[in-house]
Every structure is written in structure tokens, then in C-alpha cells.
Amino acid sequence: MTHIYAICNQKGGVGKTTTAINLAASLAATQQKVLLADLDPQGNATTGCGLNKNQLEAGCADVLTARTPLRDAIHANLFGFDLLPGNAALTHAEVGLMSEQRREYRLRDALQNCGYDYVLLDCPPSLNILSVNGLIAADRVLVPIQCEFYALEGLEALMNTVERIGQRTDTQLQLAGILRTMYDPRNNLAHEVSQKLLDHFGDRVYRTLIPRNVALAEAPGFGQPALFYQRTSPGAVAYLALAGEILRRQDATDRKAA
């Protein structure tokens, strides 16, 4: 069974792409078959995996517009996981899709029977046809959130979006969890926001905390996940812990559904 996670937050700068890349590498390190799909026209996940986003023969845009089958657009086994890359062509694809039938379901249709254990979707930090494709394709939403003043406001907007999409489509989209990123234990505001998240969302907040870490910031510049750039760094270790927590939660969910 394939578990599809949309990594999404309508607020930028919260560690969304960092989470997508490093979680993909960490899940792959636990022997899961993983696909990371870059739905963001900025193509940061693609660059962060060492590919030149300006020299792609095919990518996510071609899959969404049905020019290329999924299997022909994938770059296999980059860091133990496969990548469906993205670049500025996604902006043109978005415009082209506006007049198409079932435009919101293109990614979900492409991922049918894809054969992966986990598919991670790095969604754009805005509500558009690309992010809607990601949310409709997914069965879970993972929300990275920085523990700062405006974080809760942005989270409320995202939860409303997820609810509206669930009501208007035939999807069973659920919140997988909220991930606290760029966490600085010396910051009193971070503690306060973290506690508010725990009070409001309870066990839907992941126990794993992703710290502010130099290796996480530097690794994309070398086109590598932190696990390959600096394996023992606090950031790399934290994402391995997150992968373990996700696997345990998903296993418990699957057993309840059985």
C-alpha cells in the first residue's frame, strides 16, 4: 500500500522543502521505497537533490500535462529514493491546466499503482492548482511549522483549506501531523508557541523537534540531504527520528484499519 504525504504550509520559510528532502532520505534509509515529487515551480527540492532544474528533459510539469508518463520523468535512486523533479515549467503547466477537465486530479491519477511505500509531495507555499493537485493526491498532510508569532495564524488558514478540499472532492484527506522546525530551545517564544500547538492539537504534533542546524542549512548548497552531507549532525539525526515516528504512527493506523 502506498502512503502519500503532502508536505504543505501556505506560509513560506518554514522548512517545507528541507523536510521533504531529508524525510525522503531518512525513510529510504529504513528500507522504504520512496518517491519525492517537487510540485513547487521554484524547484528547490530538485536543486537540493543535486539536479540542475534548468536542464530537465522531463519533470512534474510534463506528468501533470500528460506529455510524459510518470516512470519516464523520474530520476531513480539519487540518495536511496526516487525524484520527480520540478522547475519553472510548472508555472506554465498551471496556466495550461486551467481549461482542462479533471485538472485537480492529474497527480492522483498519475500516482495510481505507482509501487512506492511512501510518496512525499513538496507543495508550493500558496493555494493554486499545483498545491490542490498535491492535496487531492495525498491521504495525509504533514505540516512543518516554525514556532514563531504568525505560525498559528498560517496553520489555521491551512486547516481551513484542507477541510474545504475534503468537502468538495472525493478525498479522505487527514492531518498526519504537525512538525516543529527550526526549533531553538533558548527562545522563550518558541517554547510558548510549541506549548500552544500541543494544547490545541495534542498527539497530532510530532514528538520529534527539528532544531536550527548549520548542516541542514548548508546541505542544499551541496545538492545533498543532511544525512549524506553530515550524517551525525543534529539535523540529520532529528529527521531519522521523524522517519521512525512516522513509520510507527502509520503502522498503528494501518493495523486499526485492518
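Keep in mind the model is a prediction, meaning the values are calculated, not measured.

J.: Tell me about unusual backbone geometry, residues and numbers included.
T.: Not every positive phi belongs to a glycine, and Gln31 is a case in point at roughly 75°. When you line up the elements, Gln31 lands in the loop between helix H1 (16-29) and strand E2 (34-38).

J.: An account of the sheet that holds strand E7 (residues 205-211) is requested, with residue identities and associated values reported.
T.: With parallel pairing, seven strands are arranged side by side in an open sheet as E3-E2-E4-E1-E5-E6-E7. Since the sheet does not close on itself, it has two edges, and those belong to strand E3 (82-84) and E7, each with one partner. The mean angle between the axes of side-by-side strands here comes to 25°, regardless of whether they run parallel or antiparallel. For E2 and strand E4 (residues 118-122), the ladder comprises five bridges, and the chain directions are parallel. Opposite Leu35, over in E4, you have Val119 as the bridge partner. On top of the sheet, helix H7 (residues 129-137) reaches strand E1 (3-7), E4 and strand E5 (140-146); it is set at about 145° to E1, its chief contact.

J.: Hey, could you go over the pattern of salt bridges for me, with residue numbers and the actual values?
T.: Scanning the entire structure with this criterion turns up ten salt bridges. Measuring nitrogen to oxygen at the nearest pair gives 2.9 Å for the salt bridge that ties Asp122 to Lys16. Here Asp122 is found in strand E4, whereas its partner Lys16 is found in helix H1, with 106 residues between them in sequence. You can call Asp122 buried: its relative accessible area is 0%. Judged by its relative accessible area of 7%, Lys16 is buried. Residue Arg255 is joined to Asp251 by a salt bridge in which the shortest nitrogen-to-oxygen separation is 3.0 Å. Taken as a pair, Arg255 and Asp251 lie in helix H12 (residues 234-257) at a separation of four residues, close to a single helical turn. Judged by its relative accessible area of 55%, Arg255 falls in the exposed class. One continuous salt-bridge network, built from bridges that share partners, spans Lys16, Asp40 and Asp122.

J.: Residue-level account of the nonpolar core, with values.
T.: In globular proteins that are soluble, nonpolar side chains generally tend to be buried together. Ranked by size, the top nonpolar core spans 51 residues in total, and within it Leu84, Leu111, Val119, Leu121, Ile178 and Leu197 carry the most contacts. Residues contacting Leu121, with those up to four places away along its chain left out, are Ile4, Tyr5, Ala6, Ile7, Ala37, Leu39, Leu107, Leu111, Gly134, Ala137 and Ala138. Counting residues in hydrophobic clusters, the runner-up holds 34 residues, among them Tyr5, Ala20, Tyr118 and Leu227.

J.: Can you tell me about the pairing of strand E6 (residues 174-183), naming the residues and giving the values?
T.: Across the ten residues that make up E6, a large majority, eight, are buried. Here seven bridges tie E5 to E6, and the two strands are oriented parallel to one another. When the sheet's bridge partners are listed, Arg140 is paired in E6 with Gln174. With helix H8 (residues 151-168) bridging E5 and the parallel E6, this β-α-β connection has right-handed handedness. Both E6 and E7 contribute to a ladder of three bridges, which runs parallel. For Tyr183, the partnering residue across the bridge sits in E7 and is Pro211. As a crossover connection, the stretch from E6 through helix H9 (residues 188-201) into E7 is right-handed.

J.: Mind laying out the side chain of Ser233, listing which residues take part and the relevant values?
T.: Tracing the chain through its elements places Ser233 in the loop between helix H11 (226-229) and H12. On the accessibility criterion, Ser233 (1% relative accessible area) is buried. The contacts of Ser233, once residues within four sequence positions are left out, are Asn213, Ala215 and Ala226.

J.: So what about the packing of aromatic side chains? Which residues, and what values?
T.: Counted under the stated rule, the structure contains four aromatic pairs. Ring geometry for Phe222 versus Tyr229: centroids 5.0 Å apart, planes at 25°, classification stacked. On the accessibility criterion, Phe222 (57% relative accessible area) is exposed. Here the aromatic residues Phe79, Phe81 and Phe228 are joined through ring pairs into a cluster of three or more.

Calculation criteria
- Residues numbered from 1 in each chain as written.
- Predicted model: local features only at pLDDT ≥ 70, side-chain atom pairs only at ≥ 80, totals over all residues.
- Heavy atoms only, no water.
- Helix = DSSP H or I, 4+ residues; strand = E, 2+ residues; numbered from the N terminus.
- Pairing = 2+ DSSP bridges.
- Axes fitted to C-alpha atoms, helices over the stretch in contact; angles between N-to-C directions.
- Contact = heavy atoms within 4.5 Å.
- Salt bridge = Lys/Arg side-chain N within 4 Å of Asp/Glu carboxyl O.
- Buried < 20%, exposed > 50% of the residue type's maximum accessible area, 1.4 Å probe, protein only.
- Core = buried A, V, L, I, M, F, W, Y, C linked by side-chain atoms within 4.5 Å.
- Right-handed = clockwise from strand over helix to strand, strands pointing away.
- Phe/Tyr/Trp six-rings, centres within 6.5 Å; stacked < 30°, edge-to-face > 60°.

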